[in-house]
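# Topology and contacts: notes
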Amino acid sequence: AFESLATIGTHTAAATISQGLSTPFREDRRPAAHALAAIGKPALPVLKQLTADDWWEYREAAAQAFAYWRGDRALAVDGLLTLAVDPEPRVSQTAREALVSHGLRPSNKGVRKMLGSAQSLTIEGLDTWLGFSANGKIEDKPTLTFLERHLRRSKPDDLMFRLDLIAALRATELVPFL
């Protein structure tokens, strides 16, 4: 059934396939993830919903779909980067392995989206995908501006998990914020 729906390749088909992800068995979710990957761009709205879901199994399935992605891999890499900082290790591990597999750097927009949910404990090891210059700094000024705004808008309870991002990202320009 997933193969037939993937052949149809519409957003509606992707939404129908995503219903097959509600199983508690990981091995049963993999075919649905493959089918979503085969659909490609029309499945993006469904994958965005899965990425934002509270149930870690849906987020892991989204990471699997991006890992098997058959369309524009840049879209997959941007989605994977956000999942790579997921606090659930099964999700972040799947996403990180897929990032290595794709081997592409995300867009600056993808990096900024990831920074919106990153914490100092979850960003470790992602240096390769963040676009550091030869001297170890983030080259994209809008990303630094985004990070500063994000930190300033963070609630005190959230800020304590994000403040170390300044050091982890070597964002010395933001030291005055401290």
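Quick look at the structure, then.

So, how was this worked out
Residues numbered from 1 in each chain as written. Predicted model: local features only at pLDDT ≥ 70, side-chain atom pairs only at ≥ 80, totals over all residues. Heavy atoms only, no water. Buried < 20%, exposed > 50% of the residue type's maximum accessible area, 1.4 Å probe, protein only. Helix = DSSP H or I, 4+ residues; strand = E, 2+ residues; numbered from the N terminus. Arc of directions from axis to C-beta. Core = buried A, V, L, I, M, F, W, Y, C linked by side-chain atoms within 4.5 Å. Contact = heavy atoms within 4.5 Å. Salt bridge = Lys/Arg side-chain N within 4 Å of Asp/Glu carboxyl O. Phe/Tyr/Trp six-rings, centres within 6.5 Å; stacked < 30°, edge-to-face > 60°. Lys NZ or Arg CZ within 6 Å of the ring centre and 35° of its normal. Axes fitted to C-alpha atoms, helices over the stretch in contact; angles between N-to-C directions. Parallel < 35°, antiparallel > 145°, perpendicular 65-115°, else oblique. Nonpolar A, V, L, I, M, F, W, Y, C, P; charged D, E, K, R; others polar.

With that out of the way, let us pick up helix H4 (residues 44–52). Among all positions of H4, only Leu44, Val46, Leu47, Leu50 and Thr51 are buried. The arc enclosing the buried residues of H4, seen along the axis, measures out at 155°, which places them on a common side. In H4, those exposed residues whose orientation departs by more than 90 degrees from the buried face are Lys48, Gln49 and Ala52.

What follows deals with the nonpolar core. Counting 52 residues, the largest nonpolar core has Leu36, Leu47, Met114, Ile123 and Leu169 as its most contacted members. At seven residues, the largest contribution of residues to this core is made by helix H5 (residues 56–67). In this view, Met114 contacts Leu81, Thr82, Val85, Ile123 and Leu130; residues no more than four positions away in its chain are not counted.

With that settled, the discussion passes to the pattern of salt bridges. This structure, assessed with the given rule, holds six salt bridges. Where Asp140 meets Arg112, a salt bridge forms, and the shortest distance between an N and an O atom there is 2.6 Å. Residue Asp140 is found in the loop between helix H8 (108–115) and helix H9 (141–153), and its partner Arg112 is found in helix H8; the two are separated by 28 residues along the sequence. A salt bridge links Lys141 to Glu173, with the shortest nitrogen-to-oxygen separation between them at 3.7 Å. Residue Lys141 is found in helix H9, and its partner Glu173 is found in the segment after helix H11 (165–168); the two are separated by 32 residues along the sequence. The exposure class assigned to Lys141 is exposed, which follows from its relative accessible area of 51%.

Glancing now at the packing of aromatic side chains. The final tally for this structure, using the stated rule, is two aromatic pairs. Here the aromatic rings of Trp55 and Tyr58 are separated by 4.7 Å at their centres, their planes lie at 85°, and the arrangement is edge-to-face. Between Phe66 and Trp69, the ring centres sit 5.5 Å apart and the planes meet at 45°, which makes this aromatic pair tilted. You'll find Phe66 and Trp69 in the same group, each marked buried. Sitting above the plane of the Trp55 ring, Arg29 keeps its charged end 6.0 Å from the centroid. One residue, Arg90, lies across the ring of Trp56, its end atom 3.9 Å from the ring centre.

Here helix H2 (residues 11–18) crosses helix H3 (residues 26–39) at 170°, and the two axes come no closer than 9 Å. In terms of orientation, H2 and H3 fall into the roughly antiparallel class. Across the interface between the two elements, Ala13, Ala14 and Ile17 from H2 touch Ala32, Ala35, Leu36 and Ile39 from H3. In terms of residue class, the contact of H2 with H3 is made up of seven nonpolar, no polar and no charged.

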